[in-house]
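Report on the structure
This is what each chain is made of:
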Amino acid sequence: MKVIIIGGVAGGASCAARLRRLDEKAEILMVERGPYVSYANCGLPYYIGGVIEKESSLLVASERTFREQFNVDCRVNCEAIKISPDKKTVDLRNVKTGKVTTESYDKLVLSPGAPSIRPPLPGIDLPGIFEVRTVPDARTIREWIETGSLFLSGMDSYSGFQTVRPKTRAVVIGGGFIGLETAENLVHRGFDVAIVEMGDQVLAPLDQEMARIVEGYVEKHGIRLALGDGVAGFKQAANGVIDVETQSGKIYPADVVILSLGVRPDTTLAKTAGLEIGQRGGIRVDEQMRTSNPDIFAVGDAVEVKDFVTGEWSLIALAGPANRQGRIAADVITGRDSRFRGSQGTSIIGLFGAAAAWTGASEKTLNRLGDKDYEKIYLYPNSHAGYYPGARPIAMKVIFRKSDGRFLGAQALGEDNVDKRISALAMALQMGATIYDLEEAELCYAPQFGSAKDPVNFSGMVAAGVLRGDMPLSHWKTAKAGFLLDVREPAELAVESVPEAVHIPIGQLRARLAELPRDREIHVICRSGQRAYYATRMLLQKGFNAKTVSGGLLSLAHNHLLDGSLN
Ligand SMILES: Cc1cc2nc3c(=O)[nH]c(=O)nc-3n(C[C@H](O)[C@H](O)[C@H](O)COP(=O)(O)OP(=O)(O)OC[C@H]3O[C@@H](n4cnc5c(N)ncnc54)[C@H](O)[C@@H]3O)c2cc1C
C-alpha cells in the first residue's frame with residue numbers, strides 16, 4: 001500500500017509516524033512545501049520574544065528523522081500541485097527547481113493546514129509587515145525587530161546628548177491567540193504594543209464579560225487595545241515607520257506590524273480534486289477523517305469537525321485535534337475502526353504569567369443557536385488552599401443544562417493553575433459529565449496544589465445547588481430590578497459598594513429580618529457569592545423569596561465593564 005501525505009507538520013507528521021508504527025510494509029511519502037517538517041508553530045511567538053532562544057529548538061523532528069527512524073520518504077520544499085482522483089495520482093513540484101513529478105497513491109491524506117488571512121489592504125506588502133505562521137516567518141520577524149531598520153538596530157543615526165532611547169512601536173492586527181501571544185512577546189522585547197481588533201473583544205471564543213478580564217489584564221501590562229476598529233490600510237511614513245490606518249481614521253505608527261487576522265482552511269487542492277467542502281469552508285470529512293472520496297483523508301486545520309457539545313460543523317484550528325486526527329486517519333487506513341469524537345475547542349493562552357482557558361460551549365454560542373436550556377454560574381475559588389502561600393483566585397464561568405445538569409462548557413482566568421482545572425473539566429465534558437459528576441470528582445489535593453473542595457468540585461457543588469433549588473440564582477442584569485441585599489461587612493463597603501443595595505452584614509441578618517420585604521424577590525450579594533449563598537439559605541428557610549447573585553461584586557466588575565451599566 002502506498003500512502004501520500006500532503007503537509008508535514010502537526011496532522012501530517014502525526015499520521016506518517018503512526019502509519020509506520022502500524023504498518024511496517026506501507027510505502028509512505030510525505031511532502032511539505034516549506035523547508036521544515038514537524039516544527040512547533042505553537043512556539044513561534046516565543047521564539048520571536050527570545051524566550052525560546054534557538055531556532056533549532058522549534059524543529060521537533062527533521063526530514064532525516066522521518067527517513068531514518070520511520071522509513072518515510074519525506075520531501076521538504078516539495079509542493080503538491082494537483083490531485084487526479086481518477087488516476088489516483090498527485091503532481092509534485094520541487095519548490096527550488098520547479099521540476100514537476102507525478103506519484104501514484106492507494107490512499108492520500110491531506111493536512112495542508114490553514115494559512116493566515118491576508119486581506120488585500122492598501123500597503124499590506126510594505127516591509128515591516130509580517131504574519132506568524134512558519135519558522136522562516138518567525139526568523140524574519142526576529143531579524144527585523146533586531147536589525148530591520150536603523151532605528152530598530154540601535155538608533156545608529158540617533159546621536160547627541162539624549163540618553164533615553166524612544167520606544168519602538170509594534171502594532172498587532174487581531175486580538176486572537178496568535179496576536180495576543182506575539183503582542184506579549186513584543187512587550188518583553190521592549191516594544192510599545194497596540195492591538196487593533198475589529199471585533200468588540202479579544203479572544204473571540206470567550207464570552208465577552210470574561211474577555212473583559214483578559215483585556216484589563218493585558219492593558220495593565222502595557223498593551224494598548226483598540227477594539228471595534230478594523231485596519232483600513234498601511235502607509236510608509238518617514239524613517240521606516242509604517243502608519244497603520246484604521247477604519248475610524250486613527251493612525252498608529254509602527255516599527256513593526258504583525259498580522260494575525262485569523263486563519264482560513266486551505267482547500268485549494270481539495271477543491272481541484274472535487275472533494276466536498278462544508279458550510280464553514282473546510283474540507284468535509286466523516287468521523288473517520290474520510291473525505292467525500294473514500295481513498296482521500298483530510299485532517300487538521302483544513303477540515304470541518306463536529307462541535308462536541310452543539311453538534312454543529314465548526315472550524316477548530318488547534319494542534320491537539322490535528323494530531324489526534326492524523327493518528328485516526330492512519331488507524332483507519334490500516335484497517336482499524338478509530339473515530340474522532342468531535343472537538344470541544346479546549347484552549348489555553350498564557351499572558352504575562354496568567355492564563356485564560358476554556359472548553360466546550362460558550363454562552364454566546366448557545367444564544368446564537370437559540371438554546372435557552374442552560375444556566376451559568378460565576379465563581380472565584382482559590383487556586384489552592386488560601387492559607388498556603390501563593391493562592392490566587394481563578395475567575396470561572398461554568399455553563400450547564402437546566403433540564404438535566406449536563407455540563408456544557410467552562411471558561412477560566414487566573415494566575416495559577418488555570419490549566420489543570422480546564423483540563424479536568426474538558427475531560428469531564430468529553431465523558432458527558434453532569435455537574436453532579438463534577439461535585440463528586442475525586443481530584444488530588446494537598447494545600448500547595450488545590451483545596452479539599454477543588455475549583456472543579458466547587459463549580460459542580462454550586463451548579464448542583466442551583467438545580468436542586470438550594471440556591472435560587474440571579475444575575476446582575478435582572479438583580480437590579482429586585483430588592484438588592486448586600487451582606488458584606490461595613491469595611492468592605494468603603495472599597496466598593498452598590499448604592500441601591502440595602503446593607504445588612506451577614507452576622508446581623510437573623511436579628512434584622514424585619515427590615516426585609518416578604519412580597520419581593522431579594523437578590524443577595526457579597527463579594528464572590530459565597531456569603532450571599534449562606535444568607536440565601538437562611539432567608540429561604542425563614543420564608544423569604546431570596547436569590548443569590550452569581551459571582552457577587554466580582555462578577556459585577558466585569559459585567560459592568562461590558563456595557564458601562566447594570567442594565
Ligand atoms: C503562531 C502559532 C501559534 C499556535 N499556537 C497554538 C497553541 O498554543 N495551541 C494549539 O493547540 N494550537 C496552536 N496553533 C495552531 C496549531 O499549530 C495548528 O492547529 C496545527 O499546526 C494544525 O496542524 P495541520 O497539520 O492541520 O497544519 P499545519 O501544522 O499548519 O501544517 C500544514 C503544512 O502543510 C503544508 N502544505 C500546505 N499545502 C501544501 C501543499 N500543497 N504541498 C505541500 N505542503 C503543503 C504547509 O506548508 C504547512 O507546513 C498555533 C499556530 C500558530 C501559527
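This is a predicted model, so every value here is computed, not measured.

Overview of the sheet that holds strand S11 (residues 224-227)
- The sheet built from five strands is open, its strands ordered S8-S15-S9-S10-S11 with parallel pairing. The open sheet has two edge strands, strand S8 (129-131) and S11, and neither has a second partner. On average, each strand axis in the sheet is inclined to that of its neighbour by 20°, with strand direction left out of account.
- Relative to S11, strand S10 (residues 191-197) runs parallel, the two being bridged by four bridges. Paired with alanine 194 across the bridge in S11 is arginine 224.

Here's the deal with the site of the ligand
- Neighbouring residues of the ligand: 29 residues in total, closest Gly11, Glu32, Asn41, Ser111 and Asp301.
- Note that a nitrogen atom of the ligand is positioned 2.9 Å from one of the backbone N or O atoms of alanine 80.
- Between the ligand and the protein, one listed contact pairs an oxygen atom with a side-chain N or O atom of serine 111 at 2.8 Å.
- Notes on the ligand: free accessible area 1,000 Å², of which the protein chains cover 90%.
- Contributions of two or more residues to the shell around the ligand are made by helix H1 (10-22), strand S4 (78-84) and helix H8 (319-333).
- Among the elements that take part in the shell around the ligand, S4 stands out by supplying three residues, more than any other.
- Looking at side-chain class alone, the shell around the ligand contains 17 nonpolar, six polar and six charged residues.

Some thoughts on helix H4 (residues 135-147)
- With 13 residues, H4 extends 18 Å between its outermost C-alpha atoms, agreeing within 8% with the 18 Å of an ideal straight helix rising 1.5 Å per residue.
- Of the positions making up H4, those classed as buried are Val135, Ala138, Ile141, Arg142, Trp144 and Ile145.
- Buried residues along H4 sit in contact with helix H2 (44-48), S8, helix H5 (177-188), S10 and strand S15 (256-259).

With respect to the environment of lysine 88
- When you line up the elements, lysine 88 lands in the loop between S4 and strand S5 (89-94).
- Expressed as a C-alpha distance, the spacing of lysine 88 and aspartate 295, which sit 207 residues apart in the sequence, is 8.6 Å.
- Lysine 88 has contacts with Glu103, Ser104, Tyr105, Asp106 and Asp295, leaving out every residue within four places of it along the chain.
- Within the local environment of lysine 88, its side chain forms a polar contact with the side chain of aspartate 295, the two groups lying 3.1 Å apart.

Focus on the state of the cysteines
- Using the criterion set out here, one finds zero disulfides in the structure.
- Free cysteine cysteine 74: the closest other cysteine sulfur is in cysteine 78, separated by 9.5 Å.
- Classification of cysteine 78 by relative accessible area gives buried; the value is 7%.

Topic: the environment of phenylalanine 407
- Tracing the chain through its elements places phenylalanine 407 in strand S24 (residues 407-414).
- Overall, the relative accessible area of 0% leaves phenylalanine 407 in the buried class.
- Separated by 26 residues in the primary sequence, phenylalanine 407 and alanine 433 place their C-alpha atoms 5.9 Å from one another.
- Dropping the residues within four chain positions of it, phenylalanine 407 is found in contact with Val398, Ile399, Phe400, Leu425, Leu429, Ala433, Thr434, Ile435 and Leu438.

What about the pattern of salt bridges?
- Evaluated as defined, the whole model comprises 38 salt bridges.
- The residue glutamate 55 makes a salt bridge to arginine 139 at a minimum N-O spacing of 2.7 Å. With glutamate 55 in the loop between H2 and helix H3 (63-70) and arginine 139 in helix H4, the pair connects residues that are 84 residues apart, well separated along the chain.
- Assessed through its relative accessible area of 27%, arginine 139 is described here as partly exposed.

So, H1
- Along its 13 residues, H1 runs 18 Å from first to last C-alpha, staying within 8% of the 18 Å computed at 1.5 Å per residue.
- Taken across its 13 residues, H1 has ten buried, putting it largely inside the fold.
- When we look at burial in H1, the residues that qualify are Gly11, Gly12, Ala13, Ser14, Cys15, Ala16, Ala17, Arg18, Leu19 and Arg20.
- Buried positions along H1 lie against strand S1 (2-6), strand S2 (27-31), H3, strand S7 (107-110) and H8.

Each value, and the rule that gives it
- Residues numbered from 1 in each chain as written.
- Predicted model: local features only at pLDDT ≥ 70, side-chain atom pairs only at ≥ 80, totals over all residues.
- Heavy atoms only, no water.
- Pairing = 2+ DSSP bridges.
- Helix = DSSP H or I, 4+ residues; strand = E, 2+ residues; numbered from the N terminus.
- Axes fitted to C-alpha atoms, helices over the stretch in contact; angles between N-to-C directions.
- Near = heavy atom within 4 Å.
- Polar contact = N/O pair within 3.5 Å; in protein donor to acceptor, adjacent residues only side chain to side chain.
- Areas by Shrake-Rupley, 256 points an atom, 1.4 Å probe, with all protein chains shown as cover.
- Nonpolar A, V, L, I, M, F, W, Y, C, P; charged D, E, K, R; others polar.
- Expected span 1.5 Å × (residues − 1).
- Buried < 20%, exposed > 50% of the residue type's maximum accessible area, 1.4 Å probe, protein only.
- Contact = heavy atoms within 4.5 Å.
- Disulfide = S-S within 2.5 Å.
- Salt bridge = Lys/Arg side-chain N within 4 Å of Asp/Glu carboxyl O.

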